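Residue-level listing of the chains:
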Amino acid sequence: MQNTAPPQPEPSGSRSDPLGPRYYAPLGTAERWSTVIFWAAAASSIAALQIERPSSPILYDVVQATFVITVVLFFLLSSMARLYWSTRAHEKRNSDFVSQVFEVSLIAETSKGYFNNTATDPFARIAYSTLENAFFSKIILQRMLRRERAIIAAYAVAWMVAVLNRATDLALVTAVAQVIFSEEIFSRWIRMEWLRTRFERVYDDFYGLIQTSGDKRSKEFKARTVDYLLRYETSKAQAGISLSSRVFDELNSALSQDWEQIVKKLDT
């Protein structure tokens, strides 16, 4: 599923974000329901292997029907979340970002107290804002990956035990493997690890660029700023990972203080 974390703010006295409840809340709801439906489909597919039609024809038909319905619902809802809700939310957030950087109003609903820094040149503002975004995003992903790695390890151990146990039904092992190696579990973890490394690289590149560039109006600074910004945005799009709003809220205060220290170092 696609999404981003809430906008990563620099500390400010007054903040408001109309885009979150209007565009990201529906996306989050769609993603949560997609996950519920995915597990319902997985459970029904495994249950179907344990039920024999001759002995329990009604139950067998119910489980099979449930599997078909949940698979169709998952396909429709996940497609809508990716192609409609996610795209709409990203477009609004990007318009808000550009509006803040260039101090123009591209959309009626703009955030307040986010994407702010003391830079006056638009490209310098892009560099600082994307550096801030990459800083928050990589830390949020690091925290999210703690739980994800534990879950993957538990799945892997359980599956390997089942595989090595000769008494385990091969059809059951195959069904469980399809669930584990689906886009919602193993593939999601791989994409999260990949996205974390991309965020870390973008952060390091922007930090080095800002730290070593004497003239932030030079063509090289502008070109590298655009290059790194596109790398950040395309990485998010390719990974299709939702950054947790809950983790963002938990870490926001501490990360905002860390961000203030980073800015002070860069400005000295």
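First things first, this report covers the structure right here in the doc. Here the residue numbers are simple positions, counted from 1 along each chain's written sequence. In keeping with the predicted nature of the model, local features appear solely for residues at pLDDT of at least 70, side-chain atom pairs appear and are counted solely at 80 or more, and the whole-chain, interface and lining totals rest on all residues. Excluded from the side-chain calculation are hydrogens and water; included are all heavy atoms of the structure.

Among the nonpolar cores identified, the biggest contains 42 residues, and Leu131, Phe135 and Leu141 are the most heavily contacted of them. For helices the rule is a DSSP run of H or I covering at least 4 residues; for strands it is a run of E covering at least 2, with both sets numbered from the N terminus onward. Looking at this core, the elements with two or more residues in it are helix H1 (19–50), helix H3 (122–164), helix H5 (186–212), helix H6 (219–239) and helix H7 (245–267). For this core, the leading source of residues is H3, giving 13 residues. Non-local contacts of Leu141, meaning those with residues more than four positions away in its chain, are made with Met192, Leu195, Arg196, Phe199, Ile241 and Leu243. The next biggest cluster of nonpolar side chains, apart from the first, holds 10 residues, and it includes Tyr23, Ala30, Ile37 and Ile107. Buried Ala, Val, Leu, Ile, Met, Phe, Trp, Tyr and Cys residues that are joined via side-chain atoms within 4.5 Å together make up what is termed a nonpolar core. Partly exposed residues are those whose accessible area sits between 20% and 50% of the maximum for their type, while under 20% is buried and over 50% is exposed, using a 1.4 Å probe and protein chains only. Should any heavy atoms of two residues lie within 4.5 Å, those residues are considered in contact.

This part covers the packing of aromatic side chains. Classification of ring pairs uses Phe, Tyr and Trp, with its six-membered ring standing for Trp, and accepts pairs whose centres are within 6.5 Å; under 30 degrees between planes counts as stacked, over 60 as edge-to-face, and the remaining range as tilted. Following the criterion strictly, the structure yields 12 aromatic pairs and no others. Their ring planes at 65° and their centres at 5.8 Å tell us that Tyr84 and Trp85 sit as a pair that is edge-to-face. Look at Tyr84 and you get partly exposed, because its relative accessible area is 39%. Members of the aromatic cluster, connected to one another through ring pairs, are Phe135, Phe136, Tyr203, Tyr207, Phe248 and Trp259. A ring is considered to have a charge above it if a Lys NZ or an Arg CZ atom is located within 6 Å of its centre and within 35 degrees of its normal. Note that Lys138 overlies the ring of Tyr203, its terminal NZ or CZ placed 4.8 Å from the centroid.

This part takes up the layout of surface pockets. Think of a 1 Å grid over the protein atoms and nothing else: a 1.4 Å probe that fits but is trapped marks a cavity, an open set flanked by protein within 12 Å on at least five of seven lines marks a pocket, and residues with an atom within 4 Å of a point count as lining. Grid points are joined across faces, edges and corners, and a volume is the space filled by probe spheres set on the points. Of the pockets and cavities examined, the second largest pocket occupies roughly 220 Å³. Lining the second largest pocket we find Phe38, Ala41, Ala42, Ser45, Phe67, Val71, Phe74, Ala175, Gln178 and Val179. Taken together, the elements giving at least two residues each to the lining of the second largest pocket come down to H1, helix H2 (57–102) and helix H4 (170–180). At four residues, H1 tops the list of elements feeding residues into the lining of the second largest pocket. Classification used: nonpolar for Ala, Val, Leu, Ile, Met, Phe, Trp, Tyr, Cys and Pro, charged for Asp, Glu, Lys and Arg, polar for all others including Gly. Looking at side-chain class alone, the lining of the second largest pocket contains eight nonpolar, two polar and no charged residues.

Turning our eyes to something else, we now look at the side chain of Ser213. Mapped onto the elements of the fold, Ser213 is located in the loop between H5 and H6. Two N or O atoms form a polar contact when they lie within 3.5 Å of each other; inside protein one atom must be a possible hydrogen donor and the other a possible acceptor, and for residues adjacent in sequence the pair counts only when both atoms belong to side chains. There is a polar contact of 2.6 Å between the side chain of Ser213 and the backbone oxygen of Leu209.

Lines are fitted to the C-alpha atoms to define the axes, a helix being fitted only along its stretch in contact, and any angle between axes, read from their N-to-C directions, falls within 0 to 180 degrees. Look at H1 against H4: their axes get within 10 Å of each other, and the N-to-C directions meet at 170°. Here H1 is positioned roughly antiparallel relative to H4, judged by the angle of their axes. In contact with Phe38, Trp39, Ala42, Ile46, Leu49 and Gln50 of H1, H4 contributes Ala171, Leu172, Ala175, Val176 and Val179. The residue makeup of the contact of H1 with H4, split by class, is 10 nonpolar, one polar and no charged. Should an angle fall under 35 degrees it is called roughly parallel, over 145 degrees roughly antiparallel, and 65 to 115 degrees roughly perpendicular, with every other angle called oblique.

A few words now on unusual backbone geometry. At Glu103, a position not held by glycine, the phi torsion is positive, near 55°. Residue placement: Glu103 occurs in the loop between H2 and H3. According to the relative accessible area criterion, Glu103 is exposed, its value standing at 65%.

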